[in-house]
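The lines below spell out each chain.
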Amino acid sequence: MLHYHEVIKGTERETFEGKERICNVIKTEVDKRKTMAIISHPDAGKTTLTEKLLLFGGAIHEAGMVKGKKNSKFATSDWMEIEKQRGISVTSSVMEFDYDGFRINILDTPGHEDFSEDTYRTLTAADSAVMLIDGAKGVEAQTKKLFEVCSQRGIPIFTFVNKMDRETRDPFELMEELEEVLGMRSYPMNWPIGSGIDFQGIYDRKNKYVELFDSDDAKKVRVHKVEDVEDALLTDLLGEEAHQKLIEDIQLLDIAGDAYDDEKIQKGDLTPSFFGSALSNFGVQTFLEHFLNIAPAPVERVSSIGPINPADQKFSGYIFKIQANMNPAHRDRIAFLRICSGKFERGMSVKHPRLKKSVKLSQPQQFLAQERNIVQDAYAGDIIGLFDPGIFQIGDTLCEGQTFTYDEMPNFAPEHFARVSIKNALKKKQFLKGLQQLTEEGTVQFFEGTTGIEEMMIGVVGELQFEVFEYRMKHEYNVDMSLQRLPYQIARWVDGDFKPSAFQVSNAKPAKDKEGRPVVLFENEFNLRWASERFPDLAFYSQSHFHYGKK
Ligand code: G4P
């Protein structure tokens, strides 16, 4: 079967006939899509920025509609009680809106300290990332962690320096910090004029205009086009001193700073940076418009049969997240699928390669702010929610035509472990059901001892997941758990002729994962190194891919 990329290279055009038209329609749709994740440290203003973006897109009509820390109105499930109690957002959600002919999908990632694999997996579904930084605080711990994941994928990363209406750090110092802490050079697309009570606005380097900030009425933004930064109009608008400082800053950036380089930006080697204030809605629209110009539409993704073009006529995608009980009234389970190619149509039948069967996708949902809508059709870049009767797992590929799988979904090695047991032995059936569902969702990873005596353990990437696990077991499956924390910090999947009984290493515990694959839990790096030296024929891997056999 011909693929779209073969057609646009001009080969066998005549044999393709009517199908080319379909592909062109798909390509037009794909090119409109921008799928991004916003990454930040808690309190940098992610909820506020998301809300302002949605307001521009008309997806919401009033501030306060996006699930916020102090706004429980839109918490859609009972287990989100944890979020409310702890004042954090535990799950990542998806929002979409239209602006200026584009379809923008925002993947929300929790920024709290104890985040989970869910966050990492969600980032695999994004084609670009927006890194939000509090101008007074600079690059914080959580931003750094999330940045590293995005950076490894080589996706473009945009920087928005927020809270410019308050006293902030010197913008040159912030640029330096991006380079020192994250190892990434930046290209300021605009530049702030003053900060805090002296904040006057921003100067757009590319389009050469100033946007003036009015602290008394943040809605009143005045924009003036100028010849260049030395334009005398700027002295009238900003005052002599501020204008002089702006000229010096821009000259310094032009001489000593990096040049604008689209290739570097697309590879994630240079970050276009923006200054503004999400709360005052200042600089947000400018940011959005530049973002839409620069950010990539969905690109090819790697699969077991080579790269798949997003405009390929055949539908494909993969499940990156599963969430149960989003709506307590229905006890539903939703699998989030990132479309990677082709056109999705409601009711279509697709292949499910892991189960080697075909499935009908009949009640797909798209996420408009917090409301869920039934989706009729969708394209590469879009995220859809599929009702899951228990047939999906994280990492599953769904496709049409030739069978293949995407191999982007690693199983992250947990760093915290606990032995689990139930307080009431009569609840074992519910416990096993809950355990199975929560491991399939990726809330926790399951390990079993190899000693013959039943020993069940769970591992998590972020400690908060223990609490989420206990809470959900109790509220959704009616099972009270006992969790006994274990001293291990490292899990390694083992390849080679592994015999647990012969594996005598102190502070290490042989186990099996839920697929029965051998794993060893170690207390520290020293134990791991020692085991590697003692058993040179065994190889220890920090990640087990869902499709076993790949390392
Ligand atoms: P998060 O999702 O990243 O955790 O941050 P969120 O948007 O909830 O913002 C954290 C705090 O920072 C909020 O204040 C918010 O109003 C404030 N904030 C966001 N953007 C700006 C900005 O551009 N300038 C200023 N000055 N503040 C900003 P809060 O007091 O914690 O909450 P609230 O009572 O305002 O809701």
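Predicted model only: the values in this text are computed from it and were never measured. Residue indices follow the written sequence of each chain, beginning from 1 at its first position. Whole-chain, interface and lining totals are the exception, using all residues; otherwise, since this is a predicted model, local features are given only for residues with pLDDT of at least 70 and side-chain atom pairs are given and counted only at 80 or more. To obtain the side-chain values, all non-hydrogen atoms of the structure were used and water was disregarded.

## Quick word on the overall build of the protein
Right, so step 1: A run of DSSP states H or I qualifies as a helix once it reaches four residues; a run of E qualifies as a strand once it reaches two. Both are numbered from the N-terminal end. Counting its secondary structure elements, the protein contains 15 helices and 31 strands.
Right, so step 2: What makes two residues a contact is simply this: any of their non-hydrogen atoms within 4.5 Å. Once local pairs closer than 6 in sequence are excluded, the contacts in the protein between residues at least 24 apart make up 70%.
Right, so step 3: Here the open area of atoms and residues is found with the Shrake-Rupley method and a 1.4 Å probe, where only the protein chains shown may cover a residue. Here the protein displays about 23800 Å² of accessible surface, and carbon together with sulfur accounts for 47% of that area.

## Comments concerning the site of the ligand
Right, so step 1: In the vicinity of the ligand lie 16 residues, with Asp43, Lys46, Thr47, Thr48 and Asp165 positioned nearest.
Right, so step 2: Throughout this description, a polar contact denotes any pair of N or O atoms lying within 3.5 Å of each other; where both atoms belong to protein, one of them has to be capable of donating a hydrogen while the other can accept it, and for residues adjacent in sequence the pair is counted only when both atoms sit in side chains. Within the side chain of Thr48, a nitrogen or oxygen atom sits 2.5 Å from an oxygen atom of the ligand.
Right, so step 3: Within the complex, the protein chains bury 72% of what would otherwise be the 710 Å² of accessible surface of the ligand.
Right, so step 4: It is helix α4 (residues 46-56) that contributes the most residues to the shell around the ligand, three residues altogether.
Right, so step 5: Taken together, the residues that form the shell around the ligand break down as four nonpolar, five polar and seven charged. Throughout, near means a residue has at least one heavy atom within 4 Å of the molecule or strand. Put simply, Ala, Val, Leu, Ile, Met, Phe, Trp, Tyr, Cys and Pro go in the nonpolar bin, Asp, Glu, Lys and Arg in the charged bin, and everything else, Gly too, in the polar bin.

## Things to note about α4
Right, so step 1: To sort residues, take the accessible area from a 1.4 Å probe on protein chains only and compare it with the maximum for the residue type: under 20% means buried, over 50% means exposed, and anything in between is partly exposed. Along α4, the residues that are buried comprise Lys46, Leu49, Thr50, Glu51, Lys52, Leu53 and Leu54.
Right, so step 2: Looking at the buried side of α4, the elements it contacts are β1 (33-40), β2 (94-99), β3 (102-108), β4 (128-134), β5 (157-162) and α12 (284-294).

## Let's talk about the sheet that holds β5
Right, so step 1: The rule for pairing is simple: two strands pair if DSSP sees at least two bridges between them. Here seven strands make up an open sheet; going across it, the order is β2-β3-β1-β4-β5-β11-β6 and the pairing mixed. Unpaired on one side and paired on the other, β2 and β6 (185-188) mark the two borders of the sheet. Sheet twist, expressed as the mean angle between neighbouring strand axes with direction ignored, is 30°.
Right, so step 2: Sheet topology note: the β2/β3 ladder contains six bridges and is antiparallel. For every element, the axis is a line fit to its C-alpha atoms; helices are fit only across the contacting stretch, and the angle between N-to-C directions ranges from 0 to 180 degrees.

## A look at the environment of Asp43
Right, so step 1: As for its position among the elements, Asp43 is in the loop between β1 and α4.
Right, so step 2: Residue Asp43 is classed as partly exposed on the basis of its relative accessible area, which comes to 49%.
Right, so step 3: Between the C-alpha atoms of Asp43 and Ile133, which are 90 residues apart in sequence, the distance is 9.5 Å.

## Structural notes on the nonpolar core
Right, so step 1: What we call a nonpolar core is a set of buried Ala, Val, Leu, Ile, Met, Phe, Trp, Tyr and Cys residues that are connected through their side-chain atoms within 4.5 Å. Judged by nonpolar contacts, the single largest core of 32 residues is most densely connected at Leu107 and Met131.
Right, so step 2: Going through the elements one at a time, β1, α6 (117-124), β4, α7 (141-153), α8 (171-182), β12 (316-324) and β13 (333-341) are the ones with two or more residues in this core.
Right, so step 3: Looking at this core, you find at least three residues from each of domain 1 (1-30 + 308-407) and domain 2 (32-94 + 101-292).
Right, so step 4: If you look at the next biggest cluster of nonpolar residues, it comprises 28 residues, including Tyr99, Leu270, Phe287 and Ile294. Domain limits in this description derive from either an automatic procedure or a database domain assignment.

## Some details on α8
Right, so step 1: Each residue after the first adds 1.5 Å to the expected span of a helix. Along its twelve residues, α8 runs 16 Å from first to last C-alpha, staying within 8% of the 16 Å computed at 1.5 Å per residue.
Right, so step 2: Looking at α8, one finds that the buried residues are Pro171, Leu174, Met175, Glu177, Leu178 and Leu182. Projected onto a plane normal to the axis of α8, the buried residues spread over an arc of 155° and lie on a single side.
Right, so step 3: Immediately beyond the C-terminal end of α8, within one or two residues, lies Gly183, with a positive phi of roughly 70°. What the arc measures is the spread of directions leading from the helix axis to the C-beta atoms.

## Some remarks on the pairing of strand β25 (residues 456-460)
Right, so step 1: The element β25 is extensively covered by neighbouring structure, given that five of its five residues are classed as buried.
Right, so step 2: Both faces of β25 are covered, namely the face carrying Met456, Ile458 and Val460 and the face carrying Met457 and Gly459.
Right, so step 3: Two elements, strand β23 (residues 416-422) and β25, share four bridges in a ladder whose sense is antiparallel. Considered in β25, the bridge of Arg419 is made with Met457.
Right, so step 4: Note that strand β24 (residues 445-449) and β25 share four bridges and pair antiparallel. Counted as the bridge partner of Phe446 is Ile458 from β25.
Right, so step 5: Remark: six residues form the turn of the hairpin made by β24 and β25, two consecutive strands paired antiparallel; Gly452 in that turn has positive phi of roughly 100°.

## As for the pairing of β24
Residues in a regular strand point their side chains to alternate faces of the sheet.
Right, so step 1: Burial analysis of β24 places four of its five residues in the buried class, which makes it a mostly covered element.
Right, so step 2: Direction of pairing for β24 relative to strand β28 (residues 508-513): antiparallel, over a ladder of three bridges. Bridge pairing links Gly449 to Ala511 in β28.

## Some thoughts on the sheet that holds strand β27 (residues 490-495)
Right, so step 1: Taken in spatial order, the eight strands make up an open sheet running β26-β23-β25-β24-β28-β29-β27-β30, and their pairing is antiparallel. Two strands in the sheet have a free side with no partner beyond their single neighbour: β26 (481-486) and β30 (539-541). Adjacent strand axes in the sheet meet at a mean angle of 40°, parallel and antiparallel pairs treated alike.
Right, so step 2: Two elements, β23 and β26, share six bridges in a ladder whose sense is antiparallel. Along β26, the bridge assignment pairs Ala418 with Arg485.

## A closer look at the packing of helix α13 (residues 428-441) against helix α14 (residues 464-477)
Right, so step 1: Packing of α13 against α14 brings their axes to within 10 Å, and their N-to-C directions diverge by 130°. Relative to α14, the element α13 is oriented oblique. The handedness of the crossing between α13 and α14 is right-handed. On α14, the residues touching Gln430, Phe431, Gly434, Leu435, Gln437, Leu438 and Glu441 of α13 are Phe469, Arg472, Met473 and Tyr477.
Right, so step 2: Grouping the constituent residues of the contact of α13 with α14 by class yields six nonpolar, three polar and two charged. Roughly parallel means an angle under 35 degrees; roughly antiparallel, over 145; roughly perpendicular, 65 to 115; everything else is oblique. Note on convention: near helix rotated counterclockwise from far helix by under a right angle means a left-handed crossing. Clockwise means right-handed.

Remember that the coordinates give geometry; whether it matters functionally is a separate question.
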